Amino acid sequence: MSNIQYVTKETLEQMKVELQKMKSVDRPAASRAIAEAREKGDLKENAEYDAAKEAQGLLEAKIAVMEGSMANVRVLDESNIDTSKVSILTKVTLTNLATKKRVTYQIVSEKEADLKASKISISSPIGKGVLGKVVGDIAEVQAPAGVIKFKIEDISV
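Residues numbered from 1 in each chain as written. Predicted model: local features only at pLDDT ≥ 70, side-chain atom pairs only at ≥ 80, totals over all residues. Heavy atoms only, no water.

Draft legend 1. Focus on helix α2 (residues 47-71). The first and last C-alpha atoms of α2 sit 36 Å apart over 25 residues, in line with the 36 Å expected at 1.5 Å per residue. Among all positions of α2, only Tyr49, Ala52, Gln56, Leu59, Ile63, Met66, Ser69 and Met70 are buried. Along its buried surface, α2 packs onto β1 (5-7), α1 (9-38) and β2 (73-75). (Helix = DSSP H or I, 4+ residues; strand = E, 2+ residues; numbered from the N terminus. Expected span 1.5 Å × (residues − 1). Buried < 20%, exposed > 50% of the residue type's maximum accessible area, 1.4 Å probe, protein only. Contact = heavy atoms within 4.5 Å.)

Draft legend 2. Focus on the side chain of serine 87. Within the secondary structure layout, serine 87 lies in the loop between β2 and β3 (91-96). Note on serine 87: relative accessible area 18%, which makes it buried. If we skip the residues at most four places from it in the chain, serine 87 touches Ile81, Asp82, Ile107 and Leu131.

Draft legend 3. Region of interest: the sheet that holds strand β4 (residues 102-108). Reading across the sheet, the 5 strands line up as β5-β4-β3-β7-β6 and stay open at both edges, with mixed pairing between neighbours. Where the open sheet ends on each side, the last strands, each with one partner, are β5 (119-121) and β6 (138-143). Between one strand axis and the next, the sheet turns through 45° on average, direction left out of account. Both β3 and strand β7 (residues 146-156) contribute to a ladder of 6 bridges, which runs antiparallel. Of the residues in β7, the one forming a bridge with threonine 95 is lysine 151. (Pairing = 2+ DSSP bridges. Axes fitted to C-alpha atoms, helices over the stretch in contact; angles between N-to-C directions.)

Draft legend 4. Main features of the side chain of asparagine 96. Considering the arrangement of structural elements, one finds asparagine 96 in strand β3. Given a relative accessible area of 14%, asparagine 96 falls into the buried group. At 3.4 Å, the side chain of asparagine 96 forms a polar contact with the backbone nitrogen of threonine 99. (Polar contact = N/O pair within 3.5 Å; in protein donor to acceptor, adjacent residues only side chain to side chain.)

Next comes the structure, spelled out in structure tokens:
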């Protein structure tokens with residue numbers, strides 16, 4: 001399953017740091033917890049040992065998922081972004097035609113989405129609705145509350 005994720009260089013660096021921490025700090029800590037629990041006696045009735053082994057298994061699964069997602073990452077260079085239409089990493093200014101409210105969002109990957117920072121995922125309803133549109137287009141977005149119409153006012157990087 002090649003699930004390619006497009007990210008910025010900064011996000012890739014954050015992912016590398018997180019993976020390195022899991023491997024160099026969390027993994028040895030999990031091993032120490034298992035060793036300490038093993039010293040406490042009979043392994044058949046040792047809940048602490050079972051919990052430590054389960055935590056280690058979860059950590060290893062998390063490491064495997066992170067390595068898998070990093071294998072499918074493609075780094076985007078902001079200098080090569082086409083601002084003639086809405087695409088990933090562009091900032092798009094929208095006007096809600098019903099409320100006349102204006103908002104600006106940056107279209108990013110799922111990994112970088114942060115609504116508080118006005119970064120929305122390319123796979124979100126608004127992200128999907130505005131993708132490929134040009135300035136002046138009307139985007140109809142299917143939201144849980146119904147169809148919302150947005151006018152594309154500006155596209156930038």
